[in-house]
Structure formats: structure tokens, C-alpha cells
Amino acid sequence: EIEIVHAKNECDMLDKFRDFVVQSQTDVITGYNIDGFDLPFLFKRAEMLQCARFNFMSKIIHARVDNKETTQKSNQKGYAKKSNLRNLHGRFTVDMMSEVKDSHKLVSYKLEFVARKFIGEGKTGLSIPEMFKKMDGTAEDRGVVAEYCAIDAELPLILMEKLEKIEDIVQKAI
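Residues numbered from 1 in each chain as written. Predicted model: local features only at pLDDT ≥ 70, side-chain atom pairs only at ≥ 80, totals over all residues. Heavy atoms only, no water.

Regarding the nonpolar core
Inclusion rule: Residues grouped as a nonpolar core are buried Ala, Val, Leu, Ile, Met, Phe, Trp, Tyr and Cys residues, joined through side-chain atoms within 4.5 Å. The buried label goes to any residue with under 20% of its type's maximum accessible area, the exposed label to any with over 50%, and the partly exposed label to all in between, with areas taken from a 1.4 Å probe on protein chains only. Two residues qualify as a contact provided that any one of their heavy atoms is within 4.5 Å of a heavy atom in the partner residue.
The biggest cluster of nonpolar side chains holds 16 residues, and the ones touching the most others in it are Tyr32, Met96, Val100, Val114, Phe118 and Leu159. Those residues in contact with Val114 that sit more than four places away from it in its chain are Tyr32, Val100, Leu106, Ser108, Tyr109 and Leu159. One finds Ile34, Cys51, Met57 and Val65 within the second-largest nonpolar core, a separate group that totals 13 residues.

So, helix α1 (residues 10–23)
Quick note on the threshold: Starting at the N terminus, helices and strands are each numbered in turn, a helix being any DSSP run of H or I of at least four residues and a strand any DSSP run of E of at least two. A helix is expected to span 1.5 Å multiplied by its residue count minus one. Contacts described as polar in this section are N or O atom pairs within 3.5 Å, which, within protein, must combine one atom able to donate a hydrogen with one able to accept it, while residues neighboring in sequence count only if both atoms come from side chains.
Taking 1.5 Å per residue, 14 residues should reach 20 Å; α1 reaches 20 Å between its end C-alpha atoms and fits that length. Among the residues of α1, those classed as buried are Cys11, Asp12, Leu14, Asp15, Arg18, Asp19 and Val21. A distance of 3.2 Å separates the backbone nitrogen of Cys11 from a side-chain oxygen at the start of α1, and that oxygen is part of Asn9. Downstream of α1 by a residue or two, Gln25 has a phi angle that is positive, lying close to 55 degrees.

So, the packing of helix α4 (residues 111–119) against helix α6 (residues 139–162)
Quick note on the threshold: Here the axes come from fitting lines to C-alpha atoms, over the contacting stretch only for helices, and the angles between their N-to-C directions go from 0 to 180 degrees. Orientation labels follow simple angle bins: below 35 degrees gives roughly parallel, above 145 gives roughly antiparallel, 65 to 115 gives roughly perpendicular, and whatever is left gives oblique. Crossings are assigned a handedness: left-handed for a near helix turned anticlockwise from the far helix by less than a right angle, right-handed for a clockwise turn. All amino acids are sorted into three groups, where Ala, Val, Leu, Ile, Met, Phe, Trp, Tyr, Cys and Pro are nonpolar, Asp, Glu, Lys and Arg are charged, and the leftover types, Gly among them, are polar.
Across the interface, α4 lies against α6 with an axial gap of 10 Å and an inter-helix angle of 40 degrees. As far as their axial angle goes, α6 and α4 are oblique. By crossing handedness, the relation of α4 to α6 is classed as left-handed. From α4, Leu111, Val114, Ala115, Phe118 and Ile119 reach across to α6, where they touch Asp152, Leu155, Pro156, Ile158, Leu159 and Lys162. Looking at the contact of α4 with α6, its residues break down into 9 nonpolar, no polar and 2 charged.

Just geometry here; none of it tells us what the structure is for.
This is the structure:
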């Protein structure tokens, strides 16, 4: 189910996202390349726009989210991975792109390819230039973009469940 939330401006939108995370008592935040793009982008925008509340989305009241960039090296896997780790104090992120790269050798790690391989479905065909053009178009055009974004958000969750990533993480922690 998709809920459309109206915001006065970008800072208000970020605050409403934060409020949703806090009020829904979210334990896990997942996505595809969220550690490499989505979360760093959101935190940078919140900082640039001076949205002070955004950094307070942990489960511990008044605990500020800590941001730090790290590089993880893996001799076994043969690469170094740069990421932006956040201490969300009681919440954790599962970046499905990293999880798939760490556990499967594939010819492509694009979400479309990975989703088709593991769950038999993918995204609608909408390029970035088409997306921006449709954003300036009709209400129907923006609906196409909304559907694309909803699928883009849902596929990592389906992948996480299908590949049993929460179970894997719990097992590694024991």
C-alpha cells in the first residue's frame, strides 16, 4: 500500500520521513545501494538544508545519528569497499546490493538483473532522463514515476526476505 505524504518543502519532507521511521518503530532500513547513495544523500541534504531533527531517528530518545565514512578491505573477496556507516542506535541498515555482492558471484549487480534472477520479477523500464521528463509532465506521468519508485523500494525488501538476509545477519552476530 502506498501512502502519499504532502510536504511544504524538502526539509519538511525529510522530517516527515524521520517521523515515519520513529513512529513506526522501524528496526531495519533496507534498500539497494542505500549505504552507497540513498542514506548519504539524505543526510547530506538534511545537513545542507539545516534540518536539525533529521539526525534524531534512533530508537534512543535524543541520541544523534553518528555518520562516519569507512573503508572495509577484504583480502578474501579481493576488494575494498567504501561505505558510510551510521549508528542509528537501535536500528540497522541492510544494503541489499552489498549483501548480494558479498554472497553471490553474478555477471551484473544492477537491481533489475538481481531481482529477475532471485525473485523472477524486475522494475518497469524507465530511464533516468525519462523519469525527470515525466516528473515535469501530467499527473498520469508522475503516477508512472511513483509506480517505478514503489517497485524500486519494494524489490530490496522482497530480496531480503527471499535470500534470508536477516537470518544470516542474526547467525553472524551469535
